[in-house]
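In case you want the letters, here they are:
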Amino acid sequence: MSTELPDHAPDLLVVGSGFFGLTIAERMAAELDKKVLIIERRPHLGGNAYSEFDAETGIEVHKYGTHLFHTSNEKVWEYVNRFTDFTNYQHRVFGKYQGQVYSLPMNLALINQFFGKSHTPDEARALIAQLASEFKTEDATNLEEKAISLIGRPLYEAFIKGYTAKQWEKDPKDLSPDIITRLPVRYTFDNRYFNDKYEGLPVDGYTAWLTRMAEHPNIEVRVGVDFFDVAEEFKGKVPIVYTGPVDEYFEYAEGRLSWRTVDLKSEVLDVEDYQGTGVVNANDPEVPFTRELEFKHLHPERADRYTPGKTFVVREYSRFAEEGDEPYYPINTADNREKLLKYRDLAKAEPMVLFGGRLGTYKYLDMHMAIASALSMFENKLRPHFVDGAELKSGGVDE
């Protein structure tokens, strides 16, 4: 990979090398035998899924926060298995509150531990229904009332209130009830975090998987290249799939879309095991970070490769993104939704450019969702254009 641009024009330019962009590039190259150029602003490919092995500990570190692959989409599962095998890892999350650690998502074990008594599933349902009767869900005027109407005040104050306040930097009383649609409670002891049919982690790591997706001879990857430095060389000349921020593409003509971001602070500790699991949420409001990540627990099968007596820990701090920050999570407010509709109409009118991925559509997409969306774009827009000559057009307000 280099930062120099090629002399010849590709059949397609892909801006951004996350899972969306790589899926588009791989399908175009392998299925349609087209030449694809990927340009990436960062010094590495892979977007937020990029990982690297820490030299001191031998532990694979997800550089932009923990990434767990899971899906029930058969098409996506078949596709990703072309590039990597997966471990049998099943993700489990725990939450720390007032010096005690609880099993999440909320389940029968948490209920019994929190209330200090054994409950049958029916008894637990009755208890939560009684506690939740303080507010009617349909009458909730803010996030706090909505959450209490779903799980009751004690569980809300322990596991939702402080965590949510840190995630949003706002009192939940000042947040819209629309932010949460439901708060699942399992009346069993099942604490598997995801319910999908397929789940696991790439055996050789994320970067190995991502690199294999870009290995087709028809694909050229250029890292350290900002699209806006070279845009005039391509716009209107070759089709473009753009996966960067949609508002940045249009020079913030309709205003900036707002995002949440995370600061990740890492530390190598001289202990064999720091917390006994991969992710522990920090539910106490006075703890400044939202969760702690210990990556060695994601790959226990690699234990013999790790440096004895050391571990790698990352703490996540959530805040509003400022100019120059990496955008992580779109913020669903009326103002942002109004701006997004305007940007979609601008996108629809932009010739030969398709907008995709988390940043290009202003939607939070898990990895499997990004891949599914890219496969759909390839089949429904790119293949018809390159095979049948159909017009290449992004969606507007109706998308």
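It should be emphasised that the depicted structure is a prediction, and the values quoted were computed from it without experimental measurement.

K.L.:
Would you take a moment to explain the side chain of N112 for this structure?
P.N.:
Position of N112 among the secondary structure elements: in helix α3 (residues 108–115). What N112 contacts, discounting residues up to four positions off in sequence, is K117, S118, H119 and F189.

K.L.:
How do you make sense of the pattern of salt bridges when you look at a structure like this?
P.N.:
Between side chains of opposite charge, pairing is possible as soon as their charged atoms come close. Tallied over the full model, the rule gives 31 salt bridges. Of the charged contacts in the structure, one is a salt bridge between R42 and E326, with a shortest N-O distance of 2.8 Å. Highlighted residues: R42 in the loop between β2 (36–40) and β3 (51–53) and E326 in the loop between β14 (311–320) and β15 (329–330), separated in sequence by 284 residues. A relative accessible area of 11% places R42 in the buried class. Classification of E326 by relative accessible area gives partly exposed; the value is 35%. Across the salt bridge formed by R383 and E379, the nearest N and O atoms sit 3.0 Å from each other. Here E379 and R383 lie together in helix α12 (residues 367–388), a separation of four residues that amounts to about one turn. Looking at R383, the relative accessible area reads 25%, which means it is partly exposed. Exposure remark for E379: the relative accessible area of 31% places this residue in the partly exposed category.

K.L.:
Sorry if this is basic, but what is going on with the environment of Q275 here?
P.N.:
Along the chain, Q275 turns up in the loop between β11 (259–269) and β12 (279–282). Remark: the alpha-carbon pair of Q275 and E294, spanning 19 residues in sequence, is separated by 7.3 Å. Contact partners of Q275, with chain neighbours within four places excluded, come to V280, E292, L293 and E294.

K.L.:
I would appreciate a short explanation of the domain arrangement of the protein in the present structure.
P.N.:
One frequently used descriptor of interface size is the decrease in accessible area upon assembly of the parts. Each assigned domain of the protein is listed here: domain 1 (12–51 + 71–86 + 206–258 + 331–396) and domain 2 (106–179). Measuring from the centre of the C-alpha atoms in domain 1 to the corresponding centre in domain 2 gives 38 Å.

K.L.:
Mind showing me how you'd approach the sheet that holds β15 here?
P.N.:
The sheet built from seven strands is open, its strands ordered β7-β6-β12-β13-β14-β11-β15 with mixed pairing. Looking at which strands have only one partner, the edges of the open sheet turn out to be β7 (100–104) and β15. Pairing between strand β13 (residues 291–294) and β14: four bridges, direction antiparallel. Opposite L293, over in β14, you have V314 as the bridge partner. Sitting on the sheet, α3 touches β6 (93–97) and β7, and the angle it makes with β7 is about 155°.

K.L.:
Explanation requested: the packing of aromatic side chains in the structure shown.
P.N.:
Each aromatic ring pair is specified by the distance between its two centres and by the angle formed by the two planes. Applying the stated rule across the entire model yields 29 aromatic pairs. On the numbers, 6.3 Å between centres and 25° between planes, the contact of F69 with W77 is stacked. Residue classification places F69 among the buried positions, given a relative accessible area of 1%. On the numbers, 6.2 Å between centres and 25° between planes, the contact of F250 with Y343 is stacked. Here the residue F250 occupies a position in the loop between α9 (246–249) and β11, and Y343 occupies one in helix α10 (residues 334–348), the gap between them amounting to 93 residues. With respect to class, F250 is no different from Y343; both count as buried.

Parameters and conventions
- Residues numbered from 1 in each chain as written.
- Predicted model: local features only at pLDDT ≥ 70, side-chain atom pairs only at ≥ 80, totals over all residues.
- Heavy atoms only, no water.
- Helix = DSSP H or I, 4+ residues; strand = E, 2+ residues; numbered from the N terminus.
- Contact = heavy atoms within 4.5 Å.
- Salt bridge = Lys/Arg side-chain N within 4 Å of Asp/Glu carboxyl O.
- Buried < 20%, exposed > 50% of the residue type's maximum accessible area, 1.4 Å probe, protein only.
- Domains from an automatic or database assignment.
- Pairing = 2+ DSSP bridges.
- Axes fitted to C-alpha atoms, helices over the stretch in contact; angles between N-to-C directions.
- Phe/Tyr/Trp six-rings, centres within 6.5 Å; stacked < 30°, edge-to-face > 60°.

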